[in-house]
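Per-entry structural report
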Amino acid sequence: MSTTTEALVLSSLNAPFLLQPLTLSPPLPHEVLLRITACGLCHTDLSLQSGVFPTDFPSIAGHEGSGVVLQVGSAVQRVKEGDHVLLSFASCLSCEYCKDDHPAGCTTFVERNFGRERHPSVGSLGTATAADGSEVKGTFFGQSSFARHAVVQESSCVKVPEGTDLVTLAPLGCGLQTGSGAVLNTLRCSPTVSPKNNSILITGLGAVGMAALFAAVYLKLGTIIVVDVLPSKLAMAKGFGAHHVLDGKDPEVVKKIKELTGGLGVKWAVEATGNTKVLEMGFKALSNFGHLATCGTPGPGPLPPYQIHDFVNESKTFSGVAEGDSNPPEFIPFLMKLYEEGHFPVDKISKTFPVEQFDDAVAAMKSGDVIKPIILF
Ligand SMILES: [Zn+2]
Ligand SMILES: [Zn+2]
């Protein structure tokens with residue numbers, strides 16, 4: 001049976017997000033119909049609007065959703081009717097990377113998360129239809145959860161216990177697992193791995209950078225340096241346990257990072273701005289044998305702003321990281337545990353907005369007043 005609902009629809013490039021009535025098709029065998037509770041707002045949603053991530057229109061964004069299962073497709077195994085879920089990215093669950101607990105490396109990651117691929121058997125058929133009968137693109141990150149209801153991919157669902165705070169924890173499935181996963185899964189930072197220089201640099205204090213900071217503080221790394229251009233964010237980071245905060249506009253920033261690390265530079269770096277100038281700064285601030293992981297992307301086009309020659313001479317490593325290389329059914333419950341223990345204070349970086357005030361949420365994130373807006377449906 002189809003479901004009528006409302007969703008925030010982008011009608012065309014640079015159009016506003018408008019709440020509109022829609023009809024959702026029933027779930028296919030590997031899909032789940034959800035009543036959406038809340039959804040975090042992420043810069044990637046705005047990238048759909050601005051065209052940095054190309055997409056077809058009209059389109060529904062939203063990829064940090066939470067909700068309650070209303071109906072499951074015939075082949076769904078992860079969840080059942082009535083289950084509470086946090087949503088994350090989609091994967092095929094069957095390729096070598098998925099089977100090896102690295103679904104962020106899924107061979108169909110791009111198609112399933114950005115290409116809106118629902119299932120090969122239905123071709124380009126979408127999940128949602130507008131009042132005039134035209135198709136509206138859903139399945140963004142397997143979910144398109146800027147909506148009161150959504151038909152989502154089973155692979156995007158993480159079952160959580162009843163009583164879980166589905167509002168505060170809604171955003172765990174994207175930026176927050178990306179930043180913390182970069183530290184815990186990709187860089188595998190640890191004071192014991194590098195006792196003499198267990199220093200980390202985090203550039204960019206959006207949700208990704210803040211989550212990287214939470215993870216670095218949780219691991220008790222010896223020197224935690226953060227760089228941003230907003231004094232309010234730097235002050236916040238200090239409150240969360242950053243040892244040193246530096247102004248990204250300071251031309252001496254690399255020199256200062258070297259001074260703070262005994263002249264060596266940092267052992268690890270997490271880049272979360274997507275700005276190539278910041279990436280270049282992070283590379284220069286890295287110690288020999290250091291490892292820089294970037295979660296940020298400037299979009300297709302720009303090349304890395306440093307030379308292979310320098311990489312070789314200084315024995316440095318560079319990694320790109322999608323979704324913190326996390327396996328959501330394992331990693332999201334782990335982040336929930338850290339939150340309960342006080343190590344992952346997502347409640348202190350977020351603010352809720354009713355869906356009717358969506359534009360205020362966007363403005364608050366752009367100005368830096370709120371790190372992670374959460375939209376209530
Ligand atoms: Zn896969
Ligand atoms: Zn995101």
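Residues numbered from 1 in each chain as written. Chains lettered and ligands numbered in written order. Predicted model: local features only at pLDDT ≥ 70, side-chain atom pairs only at ≥ 80, totals over all residues. Heavy atoms only, no water.

**Points about the sheet that holds strand E4 (residues 59–60)**
Spatial ordering of the open sheet is given by E4-E1-E2-E7-E8, a layout of five strands whose pairing is antiparallel. Single-partner strands in this sheet number two, and they are E4 and strand E8 (135–136). In terms of strand pairing, strand E1 (residues 3–10) meets E4 through two bridges, oriented antiparallel. Note on E4: the bridge partner recorded for Leu10 is Ser59. Lying on the sheet, helix H1 (residues 43–50) is in contact with E1, strand E2 (17–24) and E4; it crosses E2 at an angle near 90 degrees. (Pairing = 2+ DSSP bridges. Helix = DSSP H or I, 4+ residues; strand = E, 2+ residues; numbered from the N terminus. Contact = heavy atoms within 4.5 Å. Axes fitted to C-alpha atoms, helices over the stretch in contact; angles between N-to-C directions.)

**Concerning the coordination of the zinc ion (ligand 1)**
Protein-derived coordination of the zinc ion (ligand 1) comes from Cys92 (SG), Cys95 (SG), Cys98 (SG) and Cys106 (SG), at a distance range of 2.3 to 2.4 Å. The site at the zinc ion (ligand 1) holds four donor atoms, and with the angles between them running 103 to 116 degrees, its shape is tetrahedral. Mapped onto the polypeptide sequence, the residues donating to the zinc ion (ligand 1) form the spacing pattern C-x2-C-x2-C-x7-C. (Donors = N, O, S within 2.8 Å, 3.2 Å for Na, K, Ca; no water. Tetrahedral: all angles 85-135°; square planar, octahedral: opposite > 155°, others 65-115°.)

**Digging into the sheet that holds strand E16 (residues 317–320)**
Read across the open sheet, the six strands follow the order E13-E12-E11-E14-E15-E16; overall the sheet is parallel. The sheet is open, and its two edges are formed by strand E13 (244–247) and E16, each paired on a single side. On average, adjacent strands in this sheet sit at an angle of 15 degrees to one another, irrespective of strand direction. Across the face of the sheet, helix H5 (residues 207–218) comes into contact with strand E11 (199–203), strand E12 (223–228) and strand E14 (266–271) while running at roughly 165 degrees to E11. Strands in contact with helix H7 (residues 253–260) are E11, E12, E13, E14 and strand E15 (286–294); relative to E13, the strand with the most contacts, it is inclined by about 165 degrees.

**Side note on the domain arrangement of the protein**
Partitioning the protein into domains gives domain 1 (3–166 + 345–376) and domain 2 (177–322). Taking the mean C-alpha position of each, domain 1 and domain 2 sit 30 Å from one another. Each partner contributes to the interface: domain 1 provides 12 residues, whereas domain 2 provides 13 residues. Across the interface of domain 1 and domain 2, roughly 960 Å² is buried in total on both sides, 77% from carbon and sulfur atoms. The largest per-residue losses of area from domain 1 upon contact with domain 2 belong to Pro345, Ile349 and Ile371, which jointly make up 45% of the total buried on that side. The interface formed by domain 1 and domain 2 contains zero salt bridges. Across the domain 1-domain 2 interface, the total number found is one residue pair in polar contact (both at pLDDT 80 or more). (Domains from an automatic or database assignment. Buried area = accessible area lost by both parts, 1.4 Å probe. Salt bridge = Lys/Arg side-chain N within 4 Å of Asp/Glu carboxyl O. Polar contact = N/O pair within 3.5 Å; in protein donor to acceptor, adjacent residues only side chain to side chain.)

**Let's talk about the UniProt feature "domain: Enoyl reductase (ER)" (unreviewed entry) in the protein**
UniProt tags residues 11–376 as "domain: Enoyl reductase (ER)" (unreviewed entry). Taken end to end, residues 11–376 is 27% helix and 25% strand, and its two terminal C-alpha atoms sit 21 Å from one another. (UniProt positions renumbered as here; feature names shortened; annotations may be inferred.)

**What to know about the coordination of the zinc ion (ligand 2)**
Every protein donor of the zinc ion (ligand 2) is accounted for by Cys42 (SG), His63 (NE2) and Cys174 (SG), and the metal-donor separations fall at 2.1 to 2.2 Å. All donor residues of the zinc ion (ligand 2) come from one chain, and their arrangement in sequence is C-x20-H-x110-C. Taken together, the residues His63 in the loop between E4 and strand E5 (65–72) and Cys174 in the loop between strand E10 (157–160) and helix H4 (175–186) connect sequence positions 111 residues apart. The burial state of His63 is the same as that of Cys174; both residues are buried. (Buried < 20%, exposed > 50% of the residue type's maximum accessible area, 1.4 Å probe, protein only.)

**Description of the environment of Asn275**
Tracing the backbone through its elements, the reader meets Asn275 in the loop between E14 and helix H8 (276–284). Taking the C-alpha atoms as reference, Asn275 lies 23 Å from Phe109; in sequence the two are 166 residues apart.

**Remarks on the packing of aromatic side chains**
Scanning all chains against the criterion turns up 18 aromatic pairs. Every member of this aromatic cluster is reached through a ring pair, and the members are Phe53, Phe89, Phe109, Phe114, Phe140 and Phe141. (Phe/Tyr/Trp six-rings, centres within 6.5 Å; stacked < 30°, edge-to-face > 60°.)

**Some words on the packing of H4 against helix H10 (residues 328–340)**
Between H4 and H10, the least distance of the axes is 11 Å, while the angle of their chain directions is 95 degrees. With respect to H10, the axis of H4 lies roughly perpendicular. Two secondary-structure elements touch here, H4 through Leu176, Gln177, Ser180, Gly181, Leu184 and Asn185 and H10 through Pro328, Phe331, Ile332, Phe334 and Leu335. Partitioned by chemical class, the residues of the contact of H4 with H10 number seven nonpolar, four polar and no charged. (Parallel < 35°, antiparallel > 145°, perpendicular 65-115°, else oblique. Nonpolar A, V, L, I, M, F, W, Y, C, P; charged D, E, K, R; others polar.)

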